[in-house]
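This is what each chain is made of:
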Amino acid sequence: MLLQAAASGGLALLAGCGFALRGTADLPFSTLYIGAADTSELGAQLRRYVRNTTNTRIVEDSKAAEAQLQILQETRERSILSLDASGRVREFELRYLFAFRVHDGKGQDYIPPTTIALKRDLTFSDANTLAKDSEANLLYRDMQNEAVQQVLRRMAAVESKQPS
């Protein structure tokens, strides 16, 4: 009985703080064409997120779509952030740039050309080059995940079915 009271108290606290499981997002269009190659990791991730977290249906024909997600740019950059006293790299800054637009296929934009810029710092050591390369790839994948989620949130924020 004590365990049941503790569990119900915990649920009441979670409900009281506003916690709720993430449900499906409502996109303002019923069909979407994603302009990315089938072999593209980013395209596959966008399709997976739209299929699993929204009520919008992915179509393979751009003319049959109510909205089209056009990928304008996807860039991964690495620049030196700091050097040690002997001139060796100590930190890199990793940048992920993703530019896109969502339109109706007739020239009207739901979301005008938009760029999402993300960055992460990566400490570096010559002794752990392979491990740091793997870490950089994980950070890029994390930034790509974040960009996809931002795209979905921005599409969900489009207020009406009428393009701007």
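Residues numbered from 1 in each chain as written. Predicted model: local features only at pLDDT ≥ 70, side-chain atom pairs only at ≥ 80, totals over all residues. Heavy atoms only, no water.

**Student:** Sorry, what's going on with the overall build of the protein chain here?
**Tutor:** Across its full length, the protein chain holds three helices and five strands. Listed N to C, the secondary structure of the protein chain is α-β-α-β-β-β-β-α in terms of helices and strands. (Helix = DSSP H or I, 4+ residues; strand = E, 2+ residues; numbered from the N terminus.)

**Student:** Would you take a moment to explain the pattern of salt bridges for this structure?
**Tutor:** When the charged atoms of two side chains lie near each other, side chains of opposite charge can form a pair. Tallying each qualifying case throughout the model produces nine salt bridges. Its salt-bridge partner being Glu93, residue Arg95 comes within 2.5 Å of it at the nearest N-O pair. Linked through salt bridges whose partners overlap, the residues forming this network are Glu77, Glu93, Arg95 and Lys119. (Salt bridge = Lys/Arg side-chain N within 4 Å of Asp/Glu carboxyl O.)

**Student:** Hey, could you run me through helix α2 (residues 41-53) in this one?
**Tutor:** Side chains that are three or four residues apart share a direction in an α-helix, a result of its 3.6 residues per turn. A rise of 1.5 Å per residue sets the reference length of α2, with its 13 residues, at 18 Å; its end C-alpha atoms lie 18 Å apart and thus fit the reference within 8%. When α2 is considered as a whole, its buried residues turn out to be Leu42, Gly43, Gln45, Leu46, Arg47, Tyr49 and Val50. Packed against the buried residues of α2 are β1 (31-35), β2 (57-58), β3 (67-83), β4 (89-103) and α3 (129-156). Two or three places before Leu42, at the start of α2, stands the capping residue Ser40, its side-chain oxygen 3.3 Å from that residue's backbone nitrogen. (Expected span 1.5 Å × (residues − 1). Buried < 20%, exposed > 50% of the residue type's maximum accessible area, 1.4 Å probe, protein only. Contact = heavy atoms within 4.5 Å. Polar contact = N/O pair within 3.5 Å; in protein donor to acceptor, adjacent residues only side chain to side chain.)

**Student:** Explanation requested: the sheet that holds β1 in the structure shown.
**Tutor:** Whether parallel or antiparallel, the strands of a sheet pair through hydrogen bonds between backbone atoms. Taken in spatial order, the five strands make up an open sheet running β2-β1-β3-β4-β5, and their pairing is mixed. Each of the sheet's edge strands pairs with one partner strand only, and the pair in question is β2 and β5 (109-123). Across two bridges, the pairing between β1 and β2 is parallel. Within the sheet, the bridge partner assigned to Leu32 lies in β2 and is Ile58. Seen against the sheet, α3 touches β1, β3, β4 and β5 and runs at an angle of roughly 155° to β5. (Pairing = 2+ DSSP bridges. Axes fitted to C-alpha atoms, helices over the stretch in contact; angles between N-to-C directions.)

**Student:** Looking at this model, I keep getting lost on the pairing of β4. Mind explaining?
**Tutor:** On a regular strand, one side chain projects to one face of the sheet and the next to the other, so that they alternate. For β4, the buried fraction is high: 12 of the 15 residues fall into the buried class. One ladder, built from 14 bridges, connects β3 with β4; its direction is antiparallel. In the sheet register, Gln68 faces β4, and the bridge partner there is His103. As judged from the 12 bridges shared by β4 and β5, these two strands associate in the antiparallel manner. When the sheet's bridge partners are listed, Val102 is paired in β5 with Ile111. Hairpin remark: β4 followed by β5, antiparallel, with five residues in the connecting loop; positive phi at Gly105, about 85°.

**Student:** So what exactly am I meant to see when it comes to the nonpolar core here?
**Tutor:** A general tendency of soluble globular proteins is for nonpolar side chains to be buried together. One finds Leu32, Val102 and Met155 to be the most contacted residues of the largest nonpolar core, which totals 35 residues. At the level of secondary structure, the elements contributing two or more residues to this core comprise β1, α2, β3, β4, β5 and α3. With nine residues, α3 is the largest single contributor of residues to this core. If sequence neighbours within four positions are ignored, Met155 has contacts with Leu27, Pro28, Phe29, Leu32, Val50, Val102 and Ile111. (Core = buried A, V, L, I, M, F, W, Y, C linked by side-chain atoms within 4.5 Å.)

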